[in-house]
Amino acid sequence: MTVHEKMKLVIDLAERALEKNELPIACIIFHNDTIVAQSHTSESEDDRLLVHAELKALMELDQKKIKAKEKRQMELFTNLEPCMMCLGASIASFVGKVYYSLDAPSDGAAKWAVKSWNDYHVTSSFCLPEIKSGILKSESKALIGGSIFREFLNATRSLGLAV
């Protein structure tokens with residue numbers, strides 16, 4: 001499968017989340033062409049905030065007890081730039097590559113991490129995954145720009161929450 005084909009699967013999963021009145025954010029972790037873990041954000045269903053797509057998929061991956069060396073060959077795909085929590089979980093999970101569609105200017109951590117990693121990082125077994133952005137950007141933008149998502153953003157802004 002190509003990078004674009006993998007991201008298309010993520011966008012399809014995000015569309016299914018939106019149909020359930022969830023934020024249209026999804027994540028799939030691949031080992032070569034095999035799906036190892038997948039999830040979508042489920043804040044409405046779970047009535048919790050720390051149920052981000054990436055974190056849930058990484059928790060599923062962690063339960064499989066795969067060795068770090070094999071995890072370094074895995075690729076995490078998500079349609080929105082991972083936040084600090086999710087990128088940190090990716091690093092702690094030893095995922096080798098992170099691909100995303102859209103930048104998240106308010107809470108995305110990937111660009112910051114790429115810029116800052118070498119300045120602040122102490123040598124350890126943890127390393128920053130290879131990060132690539134902009135995959136199927138217009139498709140993700142169309143999905144995230146949809147009316148339900150806009151309504152969610154407007155509601156959170158009216159509560160004084162920055163998203």
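Here is a short report on the structure shown in this document.

Cut-offs applied
Residues numbered from 1 in each chain as written. Predicted model: local features only at pLDDT ≥ 70, side-chain atom pairs only at ≥ 80, totals over all residues. Heavy atoms only, no water. Helix = DSSP H or I, 4+ residues; strand = E, 2+ residues; numbered from the N terminus. Contact = heavy atoms within 4.5 Å. Patch = residues over 30% accessible without salt bridge, like charges linked within 9 Å, V, L, I, M, F, W, Y side chains within 5 Å. Areas by Shrake-Rupley, 256 points an atom, 1.4 Å probe, with all protein chains shown as cover. Salt bridge = Lys/Arg side-chain N within 4 Å of Asp/Glu carboxyl O. Core = buried A, V, L, I, M, F, W, Y, C linked by side-chain atoms within 4.5 Å. Buried < 20%, exposed > 50% of the residue type's maximum accessible area, 1.4 Å probe, protein only. Pairing = 2+ DSSP bridges. Axes fitted to C-alpha atoms, helices over the stretch in contact; angles between N-to-C directions. Parallel < 35°, antiparallel > 145°, perpendicular 65-115°, else oblique. Left-handed = near helix turned anticlockwise from the far one by under 90°.

## Side note on the overall build of the protein chain
Next, step 1: Counting secondary structure elements, the protein chain contains 8 helices and 5 strands.
Next, step 2: For the protein chain, the α and β elements follow one another from N to C terminus as α-β-β-α-α-α-β-α-β-α-β-α-α.
Next, step 3: Sequence separation of 24 or more characterises 60% of the internal contacts of the protein chain that already satisfy a separation of 6 or more.

## A look at a nonpolar patch on the surface
Next, step 1: Taken together, M1, L9 and I35 make up a surface patch of nonpolar side chains, about 220 Å² in accessible area.
Next, step 2: Mapped onto the fold, I35 is located in strand 2 (residues 34-40).

## Digging into the nonpolar core
Next, step 1: Within the largest apolar cluster, 31 residues are counted, with the highest numbers of intra-cluster contacts made by I29, L58, L61, L76 and I131.
Next, step 2: Residue assignment for this core shows that the elements contributing at least two residues are strand 1 (26-31), strand 2, helix 3 (53-63), strand 3 (74-80), helix 5 (84-92), strand 4 (97-102) and helix 6 (110-120).
Next, step 3: If one sorts the elements of this core by residue count, helix 3 sits on top with 5 residues.
Next, step 4: Apart from residues lying up to four places away in sequence, L61 is in contact with I29, V36, A37, I66, K71, M74 and V95.
Next, step 5: Grouped together as the second largest cluster of nonpolar side chains are 14 residues, I28, I135, L136 and L143 included.

## Some words on the environment of D107
Next, step 1: Its location among the elements puts D107 in the loop between strand 4 and helix 6.
Next, step 2: C-alpha separation for the pair D107 and M85, spaced 22 residues apart in sequence, amounts to 9.8 Å.
Next, step 3: Residues within four places of D107 in sequence aside, it is in contact with P82, C83 and M84.

## Regarding the sheet that holds strand 3
Next, step 1: Taken together, 5 strands build an open sheet; the order of strands is 2-1-3-4-5 and the sheet is mixed. The open sheet terminates on both sides in strands that have one partner only, identified here as strand 2 and strand 5 (130-133). This sheet shows a mean twist of 15° between the axes of neighbouring strands, independent of strand direction.
Next, step 2: Relative to strand 4, strand 3 runs parallel, the two being bridged by 5 bridges. Residue pairing in the sheet places L76 in a bridge with V98 of strand 4.
Next, step 3: In the packing of helix 7 (residues 137-144) onto the sheet, contacts are made with strand 3 and strand 4, and the angle to strand 4 comes to roughly 60°.

## Regarding the packing of helix 3 against helix 5
Geometry of a packed helix pair, given as the angle between the helix axes and the separation of the axes.
Next, step 1: Packing of helix 3 against helix 5 leaves a shortest axis separation of 8 Å and a crossing angle of 25°. On the basis of the axis angle, helix 3 is roughly parallel to helix 5. In this structure, the crossing between helix 3 and helix 5 has a hand that is left-handed. Contacts from E54, L55 and L58 of helix 3 reach helix 5 at M85, C86, A89 and S90.

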